[in-house]
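# Structure assessment
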Amino acid sequence: MIPTDANNLLDFHCPHCNAGIVIAPVFHIFKKGVKKGIKCEAAAIFSISGGEARLHQIVYDGREYSFPSGAGKKITGYQVRGPTFWKFKTKKGNIITLAQLTKL
């Protein structure tokens, strides 16, 4: 099992300058249509610098997307609002959006 922090995130920081990256396992579950119930999983990669986290990219199916909306469009075939399309499950079992995750 890969160790995660209290929020279920993979956290890699330099002990000297506190810069680093955080990787969050994100997902989307289709609620209707022919894909109803299908779960798509991806990774949200954040860069950390100066104490602030910035979404760097989404990795889905081996491809890197600079914007979460682009990865969502790849899955659905139509434009989506990435920050609310992708979800994250905390260690407490709460489901939050990618937009909410950036505020943790």
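Structure first, text after, so check above.
Residues numbered from 1 in each chain as written. Predicted model: local features only at pLDDT ≥ 70, side-chain atom pairs only at ≥ 80, totals over all residues. Heavy atoms only, no water.

## Side note on the pairing of strand β2 (residues 20–29)
Each regular strand carries side chains that alternate between the two faces of the sheet. Relative to β2, strand β1 (residues 10–13) runs antiparallel, the two sharing 4 bridges. Bridging across to β2, L10 finds its partner in I23. When β2 meets strand β6 (residues 87–89), the two strands line up antiparallel, connected through 2 bridges. Across the sheet, V26 pairs through a bridge with F88, a residue of β6. (Pairing = 2+ DSSP bridges. Helix = DSSP H or I, 4+ residues; strand = E, 2+ residues; numbered from the N terminus.)

## Quick notes on the environment of V22
By the element assignment, V22 lies in strand β2. Taking relative accessible area as the criterion, V22 reaches 8% and is therefore assigned buried. Ignoring anything within four residues of it in the chain, the contact list for V22 reads L9, L10, D11, H13, A44, I45, F46 and I48. (Buried < 20%, exposed > 50% of the residue type's maximum accessible area, 1.4 Å probe, protein only. Contact = heavy atoms within 4.5 Å.)

## Overview of the pattern of salt bridges
Counted according to the given criterion, the structure contains 1 salt bridge. Two residues, K39 and E41, come together in a salt bridge whose shortest N-O distance is 3.7 Å. E41 gets classed as exposed once you look at its relative accessible area, which sits at 55%. (Salt bridge = Lys/Arg side-chain N within 4 Å of Asp/Glu carboxyl O.)

## A short note on the environment of A99
Residue position: A99 is located in helix α3 (residues 98–101). Sequence separation of A99 and V59 is 40 residues, and the distance between their C-alpha atoms is 17 Å.

## Things to note about the environment of K39
Its location among the elements puts K39 in strand β3 (residues 39–49). Along the primary structure K39 and H28 are separated by 11 residues, whereas in three dimensions their C-alpha atoms are 5.7 Å apart. If sequence neighbours within four positions are ignored, K39 has contacts with F27, H28 and I29.

## Details of the side chain of T76
Of note, T76 is situated in helix α1 (residues 68–76). If we skip the residues at most four places from it in the chain, T76 touches F30 and F85.

## Notes on α1
Listing the buried residues of α1 in full gives P68, S69, A71, G72, I75 and T76. On an axial view of α1, the arc spanned by its buried residues comes to 160°, and they lie on one face. Against the buried residues of α1 lie β3, β4 (52–60), β5 (63–65), α2 (82–85) and α3. Of the residues flanking the end of α1, it is G77, one or two places downstream, whose phi is positive at about 90°. (Arc of directions from axis to C-beta.)

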